[in-house]
Amino acid sequence: MERVVYYIEGDGIGPEITKAGLPVLDAAVAKAYGGAHKLVWKEILAGEKAFKETGEHLPKATLETLKGADLAIKGPLGTPVGKGFRSLNVALRQIFDLYACIRPIKYFPGIESPVKRPELVDMIIFRENTEDVYAGIEWAAGTPEARKLAAFLRDELGANISLDAGIGIKPMTEKGCKRLIDRAIKHALAQQKSSVTLVHKGNIMKYTEGAFRAWGYDLAKEKYADSLMTEAESLDGGTKPVVIKDRIADAMFQAVLRRPTEFSVIATTNLNGDYLSDALAAQVGGLGLAPGVNKSDTLALYEPTHGTAPSYVGKDTANPGSLILSGTMMLEDIGWHEAAALIHGSVAKAIAAKRVTPDLARQITGSTEVGCQEFGEILSANL
Ligand code: NAP
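Overview of the structure. This one's a predicted model, so the numbers in the text were calculated from it and none came from an experiment.

We now examine the overall build of the protein. Helices and strands together make up the secondary structure of the protein, namely 14 helices and 15 strands. By the compact-globule yardstick of 21 Å for 383 residues, the protein fits well, its C-alpha radius of gyration being 22 Å. Projected onto its principal axes, the C-alpha positions of the protein cover 65 × 60 × 40 Å. Here the protein, with 383 residues, has 52% of them falling under the buried criterion. Summed over all atoms, the accessible surface of the protein reaches about 17,300 Å², with 54% contributed by carbon and sulfur.

What follows is the structure, given as structure tokens:
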């Protein structure tokens with residue numbers, strides 16, 4: 001069987017990790033199925049390369065192609081801070097309603113991570129991907145729009161706000177929260193995970209983050225009463241398969257460091273999920289091996305958790321692992337489990353053999369540094 005996969009190289013280290021990474025996926029499929037299955041790669045443009053070739057960062061042709069697609073993979077896309085165009089990543093997530101950003105975090109033995117027991121970290125983050133302060137509804141301080149909105153909030157709604165404020169809006173809906181949490185719960189049930197933790201900052205942002213928590217518990221009660229129980233019910237001796245619990249975001253950052261085994265599936269809001277993804281990746285060795293996917297109900301866009309890593313660009317030193325492991329998530333999703341397992345084994349073998357890219361070499365005593373392309377070749381050879 002052939003599966004068409006659209007790919008975006010991305011900016012910064014994107015082209016390097018794509019060049020090193022896609023052949024590893026091909027080699028794994030070839031090794032597992034001997035030609036019976038094949039990935040058919042088709043490039044689409046976004047970011048700097050698209051701008052150079054078409055004058056647009058997100059060309060219409062790319063959007064048209066993705067409309068009819070079910071599988072795509074992308075490298076990171078750069079976004080200017082505090083000025084310039086809006087994030088292309090956020091735009092893609094909103095245009096295609098890629099509401100679930102799913103990021104597994106698991107340890108590969110041999111990496112000297114910053115924590116003592118990294119092998120205890122086995123979590124998967126479901127991050128709401130279209131709402132929250134990432135919705136892009138914001139106005140710069142001093143603009144007529146910001147002043148008008150501030151005046152309305154002050155004069156009509158009694159808010160204590162300065163007319164000089166920059167303003168960002170944090171919309172969150174019941175539908176948006178529940179469909180994300182639903183995916184997290186379904187994953188926990190299907191994969192026999194012990195808990196789903198709702199991570200929020202609802203003590204302060206009561207009607208957005210607090211509502212996320214409340215809608216999560218409502219959903220659990222309405223739809224999953226037979227299989228989910230609260231923490232309190234569990235402590236009372238309940239025996240349902242999955243516990244649904246919640247943690248306030250700041251406490252969660254401490255808890256995942258100190259008691260990682262208490263957490264398995266995490267459902268959280270957009271900004272919290274972005275922060276927590278990088279922090280958890282650090283616990284198992286960093287962003288070089290941090291995969292992810294953005295999903296709607298029809299399209300899956302796989303991408304590493306990391307960005308364009310400017311300090312690594314053009315040096316052949318970036319780790320292509322997160323892109324390769326994102327592709328491995330894709331292989332699992334389409335049911336090509338044998339190929340996915342080969343890649344996991346191959347990464348484990350490269351780490352055990354201590355021939356790794358510099359980000360990992362810094363965390364493995366006695367290791368030999370290899371470049372981005374060579375690491376890809378090692379992974380193919382190891383399969
Ligand atoms: P970043 O690109 O994720 O890089 C942060 C650090 O993570 C790097 O300095 C490096 O750490 C490490 N790292 C990331 N990827 C790595 C890899 N493949 N191999 C080895 N180490 C890796 O974050 P940033 O520097 O804050 O952001 C740069 C740009 O990327 C920004 O324009 C941002 O908007 C964009 N971004 C895009 C996406 C996306 O496309 N989805 C996501 C996040 C950020 P050390 O220097 O410690 O080795």
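A few words now on the sheet that holds strand β11 (residues 265–268). Spatial strand order, β2-β1-β3-β13-β12-β4-β5-β11-β8-β10-β9: eleven strands in an open sheet with mixed pairing. Each of the sheet's edge strands pairs with one partner strand only, and the pair in question is β2 (38–43) and β9 (228–230). Strand-to-strand twist of the sheet, defined as the mean angle between neighbouring strand axes without regard to direction, takes the value 25°. Pairing of strand β3 (residues 71–74) with strand β13 (residues 300–302), which is carried by three bridges, proceeds in the parallel orientation. Opposite Ile73, over in β13, you have Tyr302 as the bridge partner.

At a minimum axis distance of 9 Å, the contact between helix α1 (residues 14–33) and helix α11 (residues 321–333) shows a crossing angle of 35°. As α1 runs across α11, the sense of the crossing is right-handed. Here Ile17, Thr18, Gly21, Leu22, Val24, Leu25 and Val29 of α1 lie close against α11, whose contacting residues are Leu323, Ile324, Gly327, Thr328 and Leu331. Class assignment of the residues belonging to the contact of α1 with α11 gives a composition of eight nonpolar, four polar and no charged.

A word on the pairing of β2. Here is the key point about a regular strand: its side chains alternate between the two faces of the sheet. As paired strands, strand β1 (residues 2–8) and β2 are joined by six bridges and run parallel to one another. When the sheet's bridge partners are listed, Arg3 is paired in β2 with Leu39. You can see the chain leave β1, run along α1 and come back into β2, and the turn it takes is right-handed.

Take helix α12 (residues 337–352) next. Look at α12: 22 Å from first C-alpha to last across 16 residues, which is about the 22 Å you get at 1.5 Å a residue. Buried positions along α12 lie against α1, α11, β14 (355–356) and α14 (372–382).

Turning next to the environment of Glu374. With respect to the helices, strands and loops of the structure, Glu374 is situated in helix α14. For Glu374, a relative accessible area of 33% corresponds to the partly exposed category. Sequence-wise, Glu374 and Ala232 are 142 residues apart; in three dimensions their C-alpha atoms are separated by 51 Å. A polar contact is formed between the side chain of Glu374 and the side chain of Arg355, at a distance of 2.9 Å.

For the rest of this paragraph, the subject is the nonpolar core. In this structure, Leu39, Trp41, Ile181 and Leu331 are the most contacted members of the largest nonpolar core, which totals 88 residues. Ranked by the residues each element gives to this core, the list is headed by α1, at eight residues. When near neighbours in sequence (up to four residues on either side) are disregarded, Trp41 contacts Val5, Tyr7, Leu22, Leu25, Asp26, Ile73 and Met330. Judged by nonpolar contacts, the second largest core, of 17 residues, contains Ile44, Ala46, Leu58 and Phe96.

Attention now goes to the pairing of β1. In this structure, β1 lies alongside β3, joined through three bridges in parallel fashion. In the sheet register, Tyr6 faces β3, and the bridge partner there is Ala72.

We now examine the site of the ligand. Near the ligand, the surroundings consist of 21 residues, among which Leu77, Gly307, Ala309, Tyr312 and Arg362 are the closest. Within the contact set of the ligand, an oxygen atom lies 2.9 Å away from a backbone nitrogen or oxygen of Thr79. The separation between an oxygen atom of the ligand and a polar main-chain atom of Gly307 is 2.7 Å. Bound to the protein, the ligand loses 67% of the 880 Å² it would expose on its own. Looking at the shell around the ligand residue by residue, the class counts come to eight nonpolar, eight polar and five charged.

Reading guide: rules and limits
Residues numbered from 1 in each chain as written. Predicted model: local features only at pLDDT ≥ 70, side-chain atom pairs only at ≥ 80, totals over all residues. Heavy atoms only, no water. Helix = DSSP H or I, 4+ residues; strand = E, 2+ residues; numbered from the N terminus. Rg over C-alpha atoms; globule rule 2.2 N^0.38 Å. Buried < 20%, exposed > 50% of the residue type's maximum accessible area, 1.4 Å probe, protein only. Areas by Shrake-Rupley, 256 points an atom, 1.4 Å probe, with all protein chains shown as cover. Pairing = 2+ DSSP bridges. Axes fitted to C-alpha atoms, helices over the stretch in contact; angles between N-to-C directions. Left-handed = near helix turned anticlockwise from the far one by under 90°. Contact = heavy atoms within 4.5 Å. Nonpolar A, V, L, I, M, F, W, Y, C, P; charged D, E, K, R; others polar. Right-handed = clockwise from strand over helix to strand, strands pointing away. Expected span 1.5 Å × (residues − 1). Polar contact = N/O pair within 3.5 Å; in protein donor to acceptor, adjacent residues only side chain to side chain. Core = buried A, V, L, I, M, F, W, Y, C linked by side-chain atoms within 4.5 Å. Near = heavy atom within 4 Å.

Spatial relationships are all this shows, so hold off on functional conclusions.
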